[in-house]
Amino acid sequence: MELIAVALLGLGIWLGQTPAPEKITERIILLPSADGARSAIIVHGLKGDRLMDVPYASLEVTPSGSFTDASLTETAVRDRYTSLLDAQAPRPRSFLLYFVTGSDNKLTAESQQTLTGLQDFLQSRPAPEVTLIGHTDRSGSAAINDALSLKRAQAVRDLIRQSGISTDKVPVYGRGSREPIASGAQEGLNRRVEIHVR
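All of these numbers come straight from a predicted model, not from anything done at the bench.

Reading the values: the criteria
- One numbering rule holds for all chains: residues counted from 1, following each sequence as written.
- Local features are withheld for residues below a pLDDT of 70 in this predicted model, meaning they are given only at 70 or higher, and side-chain atom pairs are given and counted only at 80 or more; totals for whole chains, interfaces and linings count all residues.
- As a rule here, side-chain values cover all heavy atoms of the structure and leave hydrogens and water aside.
- Put simply, a nonpolar core is a bunch of buried Ala, Val, Leu, Ile, Met, Phe, Trp, Tyr and Cys residues held in one set by side-chain atoms that sit within 4.5 Å of each other.
- Each residue is assigned to one of three classes by its accessible area relative to the maximum for its type, calculated with a 1.4 Å probe on protein chains only: buried under 20%, partly exposed between the two thresholds, exposed over 50%.
- Counting from the N terminus, the helices are the DSSP runs of H or I reaching at least four residues and the strands are the DSSP runs of E reaching at least two.
- Contact between two residues is taken to exist if any of their heavy atoms lie within 4.5 Å; hydrogens are not considered.
- For two strands to be treated as a pair, DSSP must find at least two bridges joining them.
- To pair, rings of Phe, Tyr and Trp, with the six-membered ring standing in for Trp, must have centres within 6.5 Å; the planes then decide the type, stacked if under 30 degrees apart, edge-to-face if over 60, and tilted in the middle.
- Two thresholds decide whether a charge sits over a ring: the Lys NZ or Arg CZ must be within 6 Å of the ring centre and within 35 degrees of the ring normal.
- Each residue gets a pLDDT score, which is the predictor's confidence in that residue and runs from 0 to 100.
- Between N-to-C directions, angles span 0 to 180 degrees; the directions come from axes that are lines fitted to C-alpha atoms, helices contributing only their stretch in contact.
- The working definition used for a salt bridge is a side-chain nitrogen of Lys or Arg within 4 Å of a carboxyl oxygen of Asp or Glu.

Engineer: Please provide a residue-by-residue account of the nonpolar core, values included.
Structural biologist: One finds Leu118, Leu132, Val156, Ile195 and Val197 to be the most contacted residues of the largest nonpolar core, which totals 19 residues. Counting residues per element, this core draws most heavily on helix H4 (residues 109-124), at four residues. Residues contacting Leu118, with those up to four places away along its chain left out, are Phe95, Leu97, Ile160, Ile195 and Val197. Grouped together as the second largest cluster of nonpolar side chains are eight residues, Leu30, Ala57, Leu59 and Val61 included.

Have a look at this one:
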């Protein structure tokens, strides 16, 4: 059987024909992160793995598992895949609102401005999915902090509702002081509500 295949290949070359190149079955293009941060993926194939870590890098994969690298420009990707890029769901975004010490509903001055940006952002999305997670600093008992963190998340839900956005299906959670992000002089950063929008 192998002898026949070699003979046919030799006959094709003798006739001036070369075997047709393998068709591409997949093309993978690494898009940049929304915030400009570096991103990367590893593509696993039959003939090994390939790291892609440059924006607009392209990898073509054949049925046999071979890889062919290419580097595309942003313009080329946008020209060729306009309809796909336009059909993407908006990227998730997160906001942080900070509270005055001991308060369950009074935001810091900086967070008042962030709240306005959050409300504008939510109004620009057709059907945002919002999750609110409240936190506290590490002073007080676990029971008090759990209740306070939940009240903070509920207060933010009320502030969002006041801007005319429906919050009927917005879940709120209180994590108390279990997930600190700062300590010492920065303890105030733990008195926060995380708002995740998809």
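Now that the structure has been shown, the text picks up again.
Engineer: Just give me the short version of the pairing of strand E5 (residues 67-71), but keep the residues and values in it.
Structural biologist: When strand E4 (residues 57-61) meets E5, the two strands line up antiparallel, connected through five bridges. Directly across from Leu59, in E5, lies its bridge partner Asp69. The turn joining E4 and E5, which pair antiparallel and follow one another in sequence, is formed by five residues; a positive phi near 95° is taken by Gly65.

Engineer: Break down the pairing of E4 for me, with residues and values.
Structural biologist: Counting buried positions along E4 yields five of five residues, so the element is predominantly enclosed. Alternating positions in E4 separate into two faces, Ala57, Leu59 and Val61 on one and Ser58 and Glu60 on the other, with burial throughout. Here strand E1 (residues 26-29) pairs with E4 via four bridges, running antiparallel. Counterpart to Arg27 in the pairing with E4 is Glu60.

Engineer: Let's hear about the packing of aromatic side chains: which residues, and what values?
Structural biologist: According to the stated counting rule, one finds one aromatic pair in the structure shown. Both rings, one in Phe95 and one in Phe121, keep their centres 5.6 Å apart while their planes meet at 55°; by these two values the pair is tilted. Note that Phe95 is positioned in strand E6 (residues 93-98) and Phe121 in helix H4, a separation of 26 residues in sequence. Here the guanidinium or amino end of Arg93 rests over the ring plane of Phe121, the centre of that ring lying 4.9 Å away.

Engineer: So what's going on with the confidence of the model for the chain? Which residues, and what values?
Structural biologist: With 88% of its residues at a pLDDT of at least 70, the chain reaches an overall mean of 85. Across residues 1-15, confidence stays below pLDDT 50; counting only partners more than four residues off in sequence or on other chains, it has two contacts.

Engineer: Please set out the sheet that holds E5 residue by residue, giving values where relevant.
Structural biologist: The three strands are arranged E1-E4-E5 in an open sheet whose pairing can be described as antiparallel. Across the chains shown, the open sheet's two edge strands, defined by having one partner strand only, are E1 and E5. Direction aside, the axes of adjacent strands within the sheet are offset by 20° on average.

Engineer: Quick one: what's the story with the pattern of salt bridges, residue by residue and with numbers?
Structural biologist: Inspection of every chain in the model, using the stated rule, returns ten salt bridges. Between Arg50 and Asp69 there is a salt bridge, with the nearest N and O atoms lying 2.5 Å from each other. Of this pair, Arg50 sits in strand E3 (residues 48-52) while Asp69 sits in strand E5, and the two are 19 residues apart along the sequence. A salt bridge links Glu129 to Arg198; its shortest N-O distance comes to 2.7 Å. Here Arg198 lies in the segment after strand E9 (192-197) and Glu129 lies in the loop between H4 and strand E7 (130-134), a separation of 69 residues in the sequence.

Engineer: Explain the sheet that holds strand E8 (residues 172-174) to me, and be specific about the residues and the numbers.
Structural biologist: What the four strands build is an open sheet, ordered E6-E9-E7-E8; its pairing is mixed. What marks the edges here is a single partner per strand, and that holds for E6 and E8. Strand-to-strand twist in this sheet, taken as the mean axis angle between neighbours without regard to direction, amounts to 20°. Taken together, the three bridges between E7 and E8 define a ladder with parallel strand orientation. Its bridge partner lying in E8, Gly134 is registered against Gly174.

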